[in-house]
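Structure assessment
As a plain string of letters, each chain reads:
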Amino acid sequence: MPYALCSNSECDFTIELQDKVNGRPIATPQECPSCKSQMISLCPNCGFLLIGNSHAHICGFCKADIRLSFANSQSGTRTAGDCILVPTDFVDGGSHRLVRDRLPKK
Ligand SMILES: [Zn+2]
Ligand SMILES: [Zn+2]
């Protein structure tokens, strides 16, 4: 049974994406009806559809913790932004050195 999981680790909301009565597929909600966090219907680690027990928080395919992988993929974006700030400091230091090197030539 395919299912979607709330990305909030504080929230236990899950939804099965197939109607038990008539077997029709149910669209994944964009946000959790309980806490408004993003819903996860694909494993953030391997991209496989979440299938099986809807209360399982481990991907049935790659065995990764789905919400942990989701949190890592979100914080990974932030880490990349922090890395951009580091070379900027190096550029500033380099330009100061360039200015100082130019002074005796004037
Ligand atoms: Zn939730
Ligand atoms: Zn997976």
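Let me begin by describing the structure that accompanies this report. Within each chain, residues carry numbers counting from 1 in the order of the written sequence. Whichever chain is written first becomes A and whichever ligand is written first becomes 1, with later ones labelled in order. In keeping with the predicted nature of the model, local features appear solely for residues at pLDDT of at least 70, side-chain atom pairs appear and are counted solely at 80 or more, and the whole-chain, interface and lining totals rest on all residues.

**Re the overall build of the protein**
What counts as a helix is a DSSP run of H or I of at least four residues, what counts as a strand is a run of E of at least two, and both are numbered from the N terminus. Secondary structure summary: the protein contains 1 helix and 3 strands in total. Counted over contacts in the protein with a minimum sequence separation of 6, partners at least 24 positions apart contribute 42%. Throughout, a pair of residues is in contact if the C-beta atoms placed from their backbones lie within 7 Å.

**A word on the pairing of strand β1 (residues 3–6)**
Burial along β1 is two-sided: the face carrying Y3 and L5 and the face carrying A4 and C6 are both buried. Should DSSP find at least two bridges between two strands, the strands are taken to pair. Inspection of the sheet shows β1 paired to strand β2 (residues 14–16) by 3 bridges, in the antiparallel sense. Note on β2: the bridge partner recorded for L5 is T14. Direction of pairing for β1 relative to strand β3 (residues 39–40): antiparallel, over a ladder of 2 bridges. Bridge pairing in β3 places C6 opposite M39. In this scheme the burial state of a residue depends on its C-beta neighbours within 10 Å: 20 or more other such atoms mean buried, 12 or fewer mean exposed, and anything in between means partly exposed; the C-beta positions come from the backbone.

**Structural notes on the environment of I66**
Relative to the elements of secondary structure, I66 occurs in helix α1 (residues 66–102). For I66, a count of 21 C-beta atoms within 10 Å puts it in the buried group. Spatially, the C-alpha atom of I66 lies 6.6 Å from that of P44, the residues being 22 residues apart in sequence. Those residues in contact with I66 that sit more than four places away from it in its chain are L5, I40, C43, P44, L50, H57, I58 and C59.

**Notes on the nonpolar core**
Nonpolar core, as used here: buried Ala, Val, Leu, Ile, Met, Phe, Trp, Tyr and Cys residues forming one set through C-beta atoms within 7 Å. Ranked by size, the top nonpolar core spans 11 residues in total: Y3, A4, L5, C6, C32, I40, C43, L50, C59, I66 and F70. Listing elements by their share of this core, those giving two or more residues are β1 and α1. With 4 residues, β1 is the largest single contributor of residues to this core. In contact with F70, other than residues within four places in its own chain, are S7, I40 and P44.

**Quick word on the environment of C43**
With respect to the element layout, C43 can be found in the loop between β3 and α1. The residues contacting C43, other than those within four sequence positions of it, are F48, L50, C59, F61, C62, A64, I66 and S69.

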